[in-house]
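# Topology and contacts: notes
Here is how the chains run, residue by residue.
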Amino acid sequence: GGLRGATVIDALDTLYIMELEEEFQEAKKWVEKSFDLNVNGEASLFEVNIRYIGGLLAAYYLTGEEVFKSKALELGEKLLPAFNTPTGIPPSCRGSARAPPALNASLFSPCSGMSWSWGWASAGSSILAEFGTLHLEFLHLSQLSGNPVMNIRRVLNRVEKPQGLYPNFLSPVTGSWVQHHVSIGGLGDSFYEYLIKSWLMSDKKDSEAKKMYDDALEAIEKHLVKKSAGGLTYIAEWRGGILDHKMGHLACFSGGMIALGAEHGGDERRQRHMELAAEITNTCHESYTRSDTKLGPEAFRFDAGSEAMATRLSERYYILRPEVVESYMYLWRLTHDPKYRHWGWEVVKALEKHCRVEAGFSGIRDVYTTTPSHDNMQQSFFLAETLKYLYLLFCEDDVLSLEDWVFNTEAHPLPINHTDFKA
Ligand code: DMJ
């Protein structure tokens, strides 16, 4: 959007964790001297929050350097006008950054937060994964600044949910659902992630978040989890009661999330959820192994005889997304089954072979050809997430231990609020 330097800020904690001292110092200097917070035009509240606020907060917590904290607070302050709607729910970008960047040049159309020129009332609806992915970062901003915020969850708790499911679009004016499309992939994904992670970050005190997560997952298990003819478990999408037998690459984060949440249930539930998490992660791995590049497509389907493969030309691209290796990392940490490290290494080799270019790494337009063309784009989440999760997959468990840190949806580690948090 209107902000510059996404890659620098998204990569700060990765550089630090990997002990790339020189590059980290260079990035820090850029934040001190060149990071301009005066947005010219419009930027997405969601993207600024997960990439910039998350990146700055993690850099602060890892290093204790005040500059990262003060920039995060200053930027957070600028986002507050976005909450000025009748429900307190911020509106969404119409052309979301979730659209495939390689294919859609106009990434950011009118968005919330920094500019008031666009008029939220006409924007129509807010996206679940956008307004539902603010809690972790804003809780830390509240703690660091002493200013309490957030009230979105109250609206969501109150509104009636079809079959217990959360549709992806809600009106920021009336607080009711705009249409009944449900997905654990794009448009819905990180809302569910932030429920379970809010509970974990609160040192398991935020029981409201846990209950909402448990209820949502129960509805998902009941209505969306399916098994293909070939025995692959997947999570379908739901359109007003009709299933779309498709999984997006984005939905592949759910293996890791379900495993993380499973850790904390009773025996039966724990086992069931660990199995589900492993099965989904296996399906996502299949979407990689069934391609010529050994990288997965943007979406894959389970209909018309197809199993874990893209059936549409427009879904064959790979833009360096992290979700599959993210799940490998969580499943490795929680089970220590070596297959997850083998699978991660397959991805490393495929990235080297097909995505490395002279100036860095690039997305590819078609995973089903051995000579794919590049999209000339290195998404900032490649350094923030994909490489960080791959690195952590091969580290000891005490490097950013899951006992002490939760990763925001852009893989920025935030500390768990243990009782001795302040000390
Ligand atoms: C990232 O920006 C975040 O993980 C977000 O939640 C959705 N997906 C992209 C990477 O694919």
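Conventions and cut-offs
- Residues numbered from 1 in each chain as written.
- Predicted model: local features only at pLDDT ≥ 70, side-chain atom pairs only at ≥ 80, totals over all residues.
- Heavy atoms only, no water.
- UniProt positions renumbered as here; feature names shortened; annotations may be inferred.
- Helix = DSSP H or I, 4+ residues; strand = E, 2+ residues; numbered from the N terminus.
- Rg over C-alpha atoms; globule rule 2.2 N^0.38 Å.
- Buried < 20%, exposed > 50% of the residue type's maximum accessible area, 1.4 Å probe, protein only.
- Contact = heavy atoms within 4.5 Å.
- Areas by Shrake-Rupley, 256 points an atom, 1.4 Å probe, with all protein chains shown as cover.
- Salt bridge = Lys/Arg side-chain N within 4 Å of Asp/Glu carboxyl O.
- Polar contact = N/O pair within 3.5 Å; in protein donor to acceptor, adjacent residues only side chain to side chain.
- Axes fitted to C-alpha atoms, helices over the stretch in contact; angles between N-to-C directions.
- Parallel < 35°, antiparallel > 145°, perpendicular 65-115°, else oblique.
- Left-handed = near helix turned anticlockwise from the far one by under 90°.
- Near = heavy atom within 4 Å.
- Nonpolar A, V, L, I, M, F, W, Y, C, P; charged D, E, K, R; others polar.
- Expected span 1.5 Å × (residues − 1).
- Arc of directions from axis to C-beta.
- Disulfide = S-S within 2.5 Å.

In the annotation of an unreviewed UniProt entry, the protein chain is listed under the name alpha-1,2-Mannosidase and assigned to Malurus elegans. Per its UniProt entry, the protein chain bears the Pathway (unreviewed entry) comment "Protein modification; protein glycosylation." The protein chain has a UniProt comment under Sequence similarities (unreviewed entry) that states "Belongs to the glycosyl hydrolase 47 family."

Scanning the protein chain from N- to C-terminus turns up 14 helices and 14 strands. Taking 423 residues into account, the globule formula puts the C-alpha radius of gyration at 22 Å, and the protein chain, at 20 Å, falls close to it. Projected onto the principal axes, the alpha-carbon positions of the protein chain cover approximately 55 × 50 × 45 Å. Taking all 423 residues of the protein chain together, the buried fraction comes to 59%. Taking the intrachain contacts of the protein chain between residues at least 6 apart in sequence as the baseline, contacts between residues at least 24 apart amount to 69%. Looking at the protein chain as shown, the accessible area adds up to about 17,000 Å², and 49% of this sits on carbon and sulfur atoms.

With that settled, the discussion passes to the pattern of salt bridges. Across all of its chains, the model carries 25 salt bridges by this definition. Two residues, Lys28 and Glu65, come together in a salt bridge whose shortest N-O distance is 3.2 Å. One end of the pair, Lys28, is in helix α2 (residues 21-33); the other, Glu65, is in the loop between α3 (45-63) and α4 (66-79), and 37 residues separate them in sequence. Taking the relative accessible area as the measure of exposure, Lys28 reaches 11% and is therefore buried. The partner of Arg239 in a salt bridge is Glu237, and the shortest N-O contact between them spans 3.5 Å. Exposure remark for Arg239: the relative accessible area of 41% places this residue in the partly exposed category. The network of salt bridges with shared partners includes Glu237, Arg239, Asp244, Arg301 and Glu315.

It is worth spelling out the side chain of Thr409 at this point. For Thr409, the position within the fold is in the loop between β13 (405-407) and β14 (413-415). Take Thr409: its relative accessible area is 13%, and that puts it in the buried class. Within polar-contact distance, the side chain of Thr409 engages the side chain of Glu193 at 2.9 Å. Once you skip the residues sitting within four places of it in the chain, Thr409 turns out to touch Ile50, Thr133, Ser190, Glu193, Tyr194 and Glu385.

All right, on to the packing of helix α8 (residues 189-201) against helix α9 (residues 207-223) then. Put simply, α8 and α9 touch, their axes get as near as 8 Å, and they point 140 degrees apart. In terms of orientation, α8 lies oblique with respect to α9. α9 is crossed by α8, and the crossing has left-handed handedness. Facing Tyr192, Leu195, Ile196, Ser198 and Trp199 of α8, the residues of α9 in contact are Ser207, Ala209, Lys210, Met212, Tyr213, Ala216 and Ile220.

So, on to the site of the ligand. Every residue close to the ligand is listed here: Ile50, Arg51, Leu250, Arg321, Pro322, Glu323, Phe381, Glu385, Thr409 and Glu410. Taking Glu385, its side chain carries an N or O atom lying 2.9 Å from an oxygen atom of the ligand. Contact with the protein chains removes 95% of the 290 Å² of surface that the ligand exposes when unbound. Looking at the shell around the ligand, the elements that each hand over two or more residues are α3 and α14 (380-393). Tallied by class, the residues present in the shell around the ligand amount to four nonpolar, one polar and five charged.

Let us now look at the side chain of Glu315. Within the fold, Glu315 resides in the loop between β10 (299-301) and α12 (323-335). A polar atom in the side chain of Glu315 sits 2.8 Å from the side chain of Arg301. If sequence neighbours within four positions are ignored, Glu315 has contacts with Lys246, Pro297, Glu298, Ala299, Arg301 and Ala310.

Let us now look at the packing of helix α1 (residues 6-17) against α14. Between α1 and α14, the least distance of the axes is 7 Å, while the angle of their chain directions is 20 degrees. Comparing the axis directions of α1 and α14 gives the class roughly parallel. Crossing geometry of α1 relative to α14 is assigned as left-handed. Contact with α1, carried on its side by Ala6, Thr7, Asp10, Ala11, Asp13, Thr14 and Ile17, involves Ser380, Phe381, Leu383, Ala384, Lys388 and Tyr391 of α14 and no other residues of that element. Partitioning the contact of α1 with α14 into residue classes produces seven nonpolar, three polar and three charged.

Bringing α2 into the picture now. In this model, α2 (13 residues) spans 18 Å end to end at C-alpha, consistent with the 18 Å of a helix rising 1.5 Å per residue. For α2, the set of buried residues is Phe24, Ala27, Lys28 and Val31. Along α2, the residues classed as buried sweep out an arc of 100 degrees about the axis, all on the same side. Counted as exposed and oriented over 90 degrees from the buried face of α2: Glu22, Glu26, Lys29 and Lys33.

With that out of the way, let us pick up the state of the cysteines. This model, assessed by the stated rule, comprises one disulfide. With a sulfur-sulfur separation of 2.1 Å, Cys252 is cross-linked through a disulfide to Cys284. Judged by the sign of its S-S torsion, about -90 degrees, the cystine formed by Cys252 and Cys284 is left-handed. Within this pair, whereas Cys252 is found in the loop between β9 (246-248) and α10 (254-262), its partner Cys284 is found in helix α11 (residues 267-289), the two being separated by 32 residues in sequence. Accessibility expressed as a relative area gives 1% for Cys284, which makes it buried. Unpaired in terms of disulfides, Cys355 finds its nearest cysteine sulfur in Cys252, a separation of 16 Å.

We now examine the UniProt feature "active site" (unreviewed entry) in the protein chain. Mapped onto this numbering, the UniProt entry gives "active site" (unreviewed entry) at Glu47, Asp189, Glu298 and Glu323. Residue placement: Glu298 occurs in the loop between α11 and β10. Judged by its relative accessible area of 12%, Glu298 falls in the buried class. If near-sequence neighbours (up to four positions away) are discounted, Glu298 is found in contact with Gly248, His249, Glu315, Tyr317, Ile319 and Arg321. Checked against the element boundaries, Glu323 lands in helix α12. Beyond its immediate sequence surroundings of up to four residues, Glu323 is in contact with His249, Leu250, Cys252 and Phe253.

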